[in-house]
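A closer look at the structure
As a plain string of letters, each chain reads:
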Amino acid sequence: MPLNLPLLLLFLSIAVVRADDPYRFFTWNVTYGDIYPLGVRQQGILINGQFPGPDIYSMTNDNLIINVFNSLDDPFLLSWNGIQNRRNSFEDGVNGTTCPIPPGKNFTYIFQVKDQIGSYYYFPSLAFHKAAGGFGGLRILSRPRIPVPFPDPSGDYTVLIGDWYKSNHTDLKAILDGGNKLPFVDGILVNGRGPNGTSFTVEQGKTYRLRISNIGLQNSLNFRIQDHRMKLIEVEGTHTLQESYSSLDVHLGQSYSVLITADQPPRDYFIVVSTRFTTPVLTTTVKLRYSNSNGPPQGPLPGGPTIQIDWSLNQARSIRTNLTASGPRPNPQGSYHYGLIPVTKTIRLASSAGQVNGKQRYAVNSVSFVPLDTPLKIVDYFKLGGFRVGSISDYPTGQGIYTDTSVMAADYRAFVEIVFENPEDIVQSWHLSGYSFFVVGMDGGSWSSGSRDQYNLRDGVGRYTVQVYPNSWTAIYVALDNVGMWNVRSEMWARQYLGQQFYLRVYTDSTSLRDEYPIPRNALLCGRAAGRRTRP
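These remarks concern the structure in this document. (Residues numbered from 1 in each chain as written. Predicted model: local features only at pLDDT ≥ 70, side-chain atom pairs only at ≥ 80, totals over all residues. Heavy atoms only, no water.)

1. Some points on the layout of surface pockets
Of the voids in this model, the second largest pocket is the one considered here, and its volume is about 580 Å³. Class assignment for the residues of the lining of the second largest pocket results in 18 nonpolar, eight polar and five charged. (1 Å grid on protein atoms, 1.4 Å probe; cavity = no way out; pocket = protein on both sides within 12 Å on 5 of 7 lines; lining within 4 Å. Points joined across faces, edges and corners; volume = space filled by probe spheres on them. Nonpolar A, V, L, I, M, F, W, Y, C, P; charged D, E, K, R; others polar.)

2. As for empty space enclosed by the protein
The full count for this structure, using the stated rule, is six cavities of 30 Å³ or more. Taken as a whole, the second largest cavity holds about 70 Å³ of empty space. Along its surface, the second largest cavity is lined by Lys130, Phe135, Leu160, Gly162, Asp163, Trp164, Leu189, Asn191, Gly192, Ile215, Gly216 and Leu217. Counting residues per element, the lining of the second largest cavity draws most heavily on strand β9 (residues 155-164), which supplies four residues. (Helix = DSSP H or I, 4+ residues; strand = E, 2+ residues; numbered from the N terminus.)

3. Concerning helix α3 (residues 309-318)
Within the sequence span of α3, burial applies to Ser312, Leu313, Gln315 and Ala316. Each buried residue of α3 lies within a common arc of 160° when the element is viewed along its axis, so the set occupies one face. Each element contacted by the buried residues of α3 is listed here: β16 (244-245), β17 (247-250), β29 (437-444) and β31 (465-468). (Buried < 20%, exposed > 50% of the residue type's maximum accessible area, 1.4 Å probe, protein only. Arc of directions from axis to C-beta. Contact = heavy atoms within 4.5 Å.)

4. Looking at the pattern of salt bridges
With the rule as written, the count across this model stands at 25 salt bridges. For Arg24, the salt bridge is made with Asp62, and the minimal N-O distance between the two is 2.3 Å. Within this pair, whereas Arg24 is found in strand β1 (residues 23-35), its partner Asp62 is found in the loop between β3 (56-59) and β4 (63-70), the two being separated by 38 residues in sequence. Here Asp62 falls in the buried class, since its relative accessible area comes to 1%. A salt bridge links Asp249 to Arg276, with the shortest nitrogen-to-oxygen separation between them at 2.8 Å. Linking Asp249 in strand β17 with Arg276 in the loop between β19 (268-275) and β20 (283-290), this pair joins segments that are 27 residues apart in sequence. Accessibility expressed as a relative area gives 2% for Asp249, which makes it buried. Judged by relative accessible area, which is 3%, Arg276 ranks as buried. (Salt bridge = Lys/Arg side-chain N within 4 Å of Asp/Glu carboxyl O.)

5. Focus on the sheet that holds strand β7 (residues 118-124)
Taken in spatial order, the four strands line up as β3-β8-β7-β5 in an open sheet, and their pairing is mixed. Either end of the sheet is taken by a strand with one partner, and the two such strands are β3 and β5 (78-81). Across the sheet, the axes of successive neighbouring strands diverge by a mean angle of 25°, strand direction being ignored. Here β7 pairs with strand β8 (residues 136-141) via five bridges, running antiparallel. Within β8, the residue paired with Ser119 across the bridge is Arg139. (Pairing = 2+ DSSP bridges. Axes fitted to C-alpha atoms, helices over the stretch in contact; angles between N-to-C directions.)

6. Concerning the side chain of Thr60
Looking at the secondary structure, you find Thr60 in the loop between β3 and β4. A distance of 2.8 Å separates a polar side-chain atom of Thr60 from the backbone oxygen of Gln116. The contact partners of Thr60, leaving out residues within four places of it in the chain, are Val113, Asp115, Gln116, Ile117, Ile140, Leu141, Ser142, Arg143 and Pro328. (Polar contact = N/O pair within 3.5 Å; in protein donor to acceptor, adjacent residues only side chain to side chain.)

7. As for unusual backbone geometry
Here Phe51 and Pro52 are connected by a cis peptide whose omega angle stands at -10°. As for its position among the elements, Pro52 is in the loop between β2 (42-47) and β3. Residues Thr279 and Pro280 are joined by a peptide bond in cis, for which omega reads 0°. Within the secondary structure, Pro280 is located in the loop between β19 and β20. Of note, Phe277 is a non-glycine position whose phi angle comes to about 60°, a positive value. Structurally, the position occupied by Phe277 is in the loop between β19 and β20. Here Arg413, not a glycine, exhibits a phi torsion of approximately 70°, which is positive. Structurally, Arg413 can be placed in the loop between β26 (406-411) and β27 (415-422).

8. As for the environment of Pro300
Along the polypeptide, Pro300 turns up in the loop between β20 and α3. Sequence separation of Pro300 and Gly44 is 256 residues, and the distance between their C-alpha atoms is 33 Å.

9. Some details on the packing of aromatic side chains
The final tally for this structure, using the stated rule, is 28 aromatic pairs. Seen in terms of ring centroids, Tyr23 and Phe25 are 6.2 Å apart; in terms of plane orientation they differ by 15°. Their pairing is stacked. A relative accessible area of 25% means that Tyr23 is categorised as partly exposed. Their ring planes at 25° and their centres at 6.4 Å tell us that Tyr157 and Tyr208 sit as a pair that is stacked. A residue pair is termed long-range when its members are at least 10 positions apart, and Tyr157 in strand β9 and Tyr208 in strand β12 (residues 207-214) qualify at 51 residues. The ring of Trp493 carries the charged tip of Lys130 above its face, separated from the ring centre by 4.5 Å. Cation over ring: Arg505 sits above Tyr507, and NZ or CZ is 4.3 Å from the ring centre. (Phe/Tyr/Trp six-rings, centres within 6.5 Å; stacked < 30°, edge-to-face > 60°. Lys NZ or Arg CZ within 6 Å of the ring centre and 35° of its normal.)

10. Considering the side chain of Asp268
Mapped onto the elements of the fold, Asp268 is located in strand β19. The exposure class of Asp268 is buried, given its relative accessible area of 6%. One polar contact links Asp268 to Arg289, side chain to side chain, over a distance of 3.3 Å. With near-sequence residues (within four places) excluded, Asp268 lies in contact with Lys287, Leu288, Arg289, Tyr290, Ser293, Gly295, Pro296, Pro297 and Gln298.

11. Some details on the state of the cysteines
Applying the stated criterion to the full structure yields one disulfide. Across the disulfide from Cys99 sits Cys526; the S-S distance is 2.1 Å. The S-S bond linking Cys99 to Cys526 shows a torsion near -85°; that makes this disulfide left-handed. In this pair, Cys99 sits in the loop between β5 and β6 (106-112) while Cys526 sits in the segment after β34 (501-507), placing the two residues 427 residues apart along the sequence. Here Cys99 falls in the buried class, since its relative accessible area comes to 2%. Residue Cys526 is classed as buried on the basis of its relative accessible area of 17%. (Disulfide = S-S within 2.5 Å.)

None of this, on its own, says anything about what the molecule does.
And the structure:
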């Protein structure tokens, strides 16, 4: 489906970008197809016939033009996990910002990976489609003139890990719509394949980069490679201190880059991925294959950490920013002294689970999110009403769960402390769209103002998804410098689907393009906005 000249001119008229930043064009057709990742036939979501979908390769400041044709029988949306969409939340691809692509129609996502590097992924955000596929890797390489704090690897692999059900996504959605919890998952996939379904080939003595993302639905996962150490180099766009690990906990929605060196005798080795904090523990294996291998993997699988929390907590605290490394610009990424900036507001967010009208729901600060018939960002732009800013408190209320279209007010350019509080017996994982934030602290028990005494105010890692351990808290600092309507959500996908999310409205009266781009000319308009014009 080649692009024609009028369509290209439309793209150039939509994007508010510098002329010297390159454009990368993609045309994707989203279809259903048979997949067998765990040995049984399922209805999968394919992109250009692929499961998982194609990798996106890009460079800092590239403009991505992704024309998506929806050949499903459902409305469809893609979201870009970790891509900040500077000044342009209309392109975020979740139900609070973007109208879905109707069946048989297409939509062109147009956004710039502005001032970003690192490892990310995309995924479908509606109708529990994520349980059927439609996801893939997205990497942003540093510009050639910007030094990176490690030699160029001999290879660069995307490694998408995640838990999986044998049931079709439509059956899982029906369980949730009926007000019930999902059962335990059936297995773990690596790049869309079950046990021993894929392999990664390396050459003796060379070093390789693995970009590991947990794109699963329910569980934290542990990743390890038999007889090989992993050097952590990047987390969600931040170069890290290059600590060496025998295994890594990768929580839902998170992405890590590691270097491994093929420095062992030439044979095949097990790569092991297992669930964390579950009973039973599910494990899958794939192969690290030396090109001059003289035999299959040998010996027992490498053991992983136990179910205890302390090991994982200590590992999380060890992940810190490399203050001497450049980010997407030549200045040191550690030059932003976040610990010296006065906090203008503290937001405390507590998760909860319960029933509303006899059906399972999940909540943040007692509010279980229900969407409108029109995306909130579109409603806000056209001033259509139907939701109330401030419909969710910025601290736990202690009330029982109730439903509402929860939107929290936030001031543009505020510097905010957000504390995620987890009173439950499970590991939570939280994502903030549109931003990278600094993880300043995490610990067990209840958070109090005295907890700030243990904050890391120097080299906390910058990321966009963070875990909160059982009966624990995690604190982040974030500069609200990105105007828009941004999704704050649980990465446990059943919880997100049943209400554990809300929208942060970062607002300014300014109409300057320096603060926010106008609604795209090609924006789909649905619900109460159907038939309106995007711009005069």
